[in-house]
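Overview (structure and organization)
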Amino acid sequence: MTSPTGHGSASDPAPKSQSGIASDIEPDEKDWTWVLQRPCDECGFDAGALSGRQVAARLRAHAVSWSTVLHRADVTARPKPQVWSPLEYGCHVRDVCRVFESRVNLMRLQADPTFESWDQDTTAVADAYGAQDPMVVSVELSAAAEAAATAFDAVTDGDWQRTGRRSNGATFTIETLGKYFIHDLTHHLHDVRG
């Protein structure tokens, strides 16, 4: 897999300079919604085994795992020049939590909203993921995961099938959005051996 995009998970983001700024990012333009239909061969995530009501607890557990990753001695080291460091993945996961919190809240409040586009590759460059402080990112990721978990906790039994859509037309229910989201976090923990 190549660099992570708004379409799903990835394991090989594009090359970046020593400063942590991306150079020549190759966006992953694949549609990762297939993870809602079958288990992921790489990370083992099985959307069919997860219910909407389990999303919040899984988010909180992932936040604990990410805190451990972001405290590792090798947090800024890239396993290969074209593969993000654990810190860069942590920044991405923090931002994914923020985006998905916003999306689930939008779906709870509006009928079939279209999500604002988010270019994660541009964000990685603009926010210099590789130059951020891992301890700050750890705190921010924990807070973002908790806010997203709280949003999923607030979903009532009758609202799990409310819909929303990406700008490319892919449609999600709140439940499938939660499963898709958890795959992203699960896959990136796999990427960093978290």
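Here the structure is a predicted model, which means the values were calculated and not measured.

**As for the nonpolar core**
Counting 50 residues, the largest nonpolar core has Leu-59, Trp-66, Phe-152 and Phe-181 as the members making the most contacts within it. Broken down by secondary-structure element, the contributors of at least two residues to this core are α1 (55–70), α2 (86–109), α4 (134–153) and α5 (174–191). Of the residues forming this core, the biggest block, ten residues, is contributed by α2.

**Structural notes on the confidence of the model for the chain**
On average, the chain scores 87 in pLDDT, and the residues at 70 or more come to 85%. In the model of the chain, helix α3 (residues 120–126) stands out as the element of lowest mean pLDDT, 89, in contrast to α4, which has the highest, 98. Every residue in residues 1–25 scores below 50 in pLDDT, and together they form 105 contacts with partners more than four places removed in sequence or on other chains.

**Some points on the packing of aromatic side chains**
Applying the stated criterion across every chain, the model contains seven aromatic pairs. Judged by centre distance (5.9 Å) and plane angle (75°), the ring pair of Trp-84 and Tyr-129 falls under edge-to-face. Linking Trp-84 in the loop between α1 and α2 with Tyr-129 in the loop between α3 and α4, this pair joins segments that are 45 residues apart in sequence. As far as the burial class goes, Trp-84 and Tyr-129 line up, both buried. Consider the rings of Phe-152 and Trp-160, whose centres lie 6.4 Å apart with planes at 20°: the pair is stacked. A relative accessible area of 1% means that Phe-152 is categorised as buried. Classification of Trp-160 as buried rests on a relative accessible area of 7%. An aromatic cluster is present here, built from Phe-100, Phe-152, Trp-160, Phe-172, Tyr-180 and Phe-181 joined pairwise through their rings. A cation sits over an aromatic face here: Arg-103 above Phe-100, 5.6 Å from the ring centre.

**Examining unusual backbone geometry**
Although it is not a glycine, Asp-112 sits at a positive phi angle of roughly 45°. For Asp-112, the location among the structural elements is in the loop between α2 and α3. Unlike most non-glycine residues, Ala-128 shows phi in positive territory, near 45°. For Ala-128, the position within the fold is in the loop between α3 and α4. The buried category is assigned to Ala-128, whose relative accessible area is 17%.

**Some thoughts on the side chain of Thr-123**
Structurally, the position occupied by Thr-123 is in helix α3. Classification of Thr-123 by relative accessible area gives buried; the value is 15%.

**Regarding the environment of Cys-40**
With respect to the secondary-structure elements, Cys-40 resides in the segment before α1. Along the sequence, Cys-40 and His-187 sit 147 residues apart, while their C-alpha atoms lie 8.6 Å from each other. In this structure, Cys-40 is in contact with Trp-34, Phe-45, His-183 and His-187, ignoring residues within four places of it in sequence.

**A short note on α5**
Taking 1.5 Å of rise per residue, 18 residues should cover 26 Å, and α5 covers 26 Å from first to last C-alpha, within 8% of that figure. With 15 of 18 residues buried, α5 lies mostly within the body of the structure. At the exit of α5 stands Arg-193, carrying a positive phi of roughly 55°.

Parameters at a glance
- Each chain has its residues counted from 1, following the order in which its sequence is written.
- At least 70 in pLDDT is required for a residue's local features to be given in this predicted model, at least 80 for side-chain atom pairs to be given and counted, and no such filter applies to totals for whole chains, interfaces and linings, which use all residues.
- To obtain the side-chain values, all non-hydrogen atoms of the structure were included, while hydrogens and water were left out.
- The definition of a nonpolar core used throughout is a set of buried Ala, Val, Leu, Ile, Met, Phe, Trp, Tyr and Cys residues joined through side-chain atoms within 4.5 Å.
- For every residue, the accessible area (1.4 Å probe, protein chains only) is compared with the maximum for its type, and the residue is labelled buried under 20%, exposed over 50%, or partly exposed between those bounds.
- Helix and strand assignments come from DSSP, with helices taken as H or I runs of at least 4 residues and strands as E runs of at least 2, each series counted from the N terminus.
- As a per-residue measure, pLDDT reflects the predictor's confidence and takes values from 0 up to 100.
- Any pair of residues with heavy atoms lying within 4.5 Å of one another is described as a contacting pair.
- Note on aromatic pairs: the rings of Phe, Tyr and Trp (six-membered ring only in Trp) are paired at centre separations within 6.5 Å, and the planes decide the class, stacked below 30 degrees, edge-to-face beyond 60, tilted for the rest.
- Here, over-ring charges are defined by two tests on the NZ atom of lysine or the CZ atom of arginine: distance to the ring centre within 6 Å, and angle to the ring normal within 35 degrees.
- Multiply 1.5 Å by the residue count of a helix minus one, and that product is the helix's expected span.

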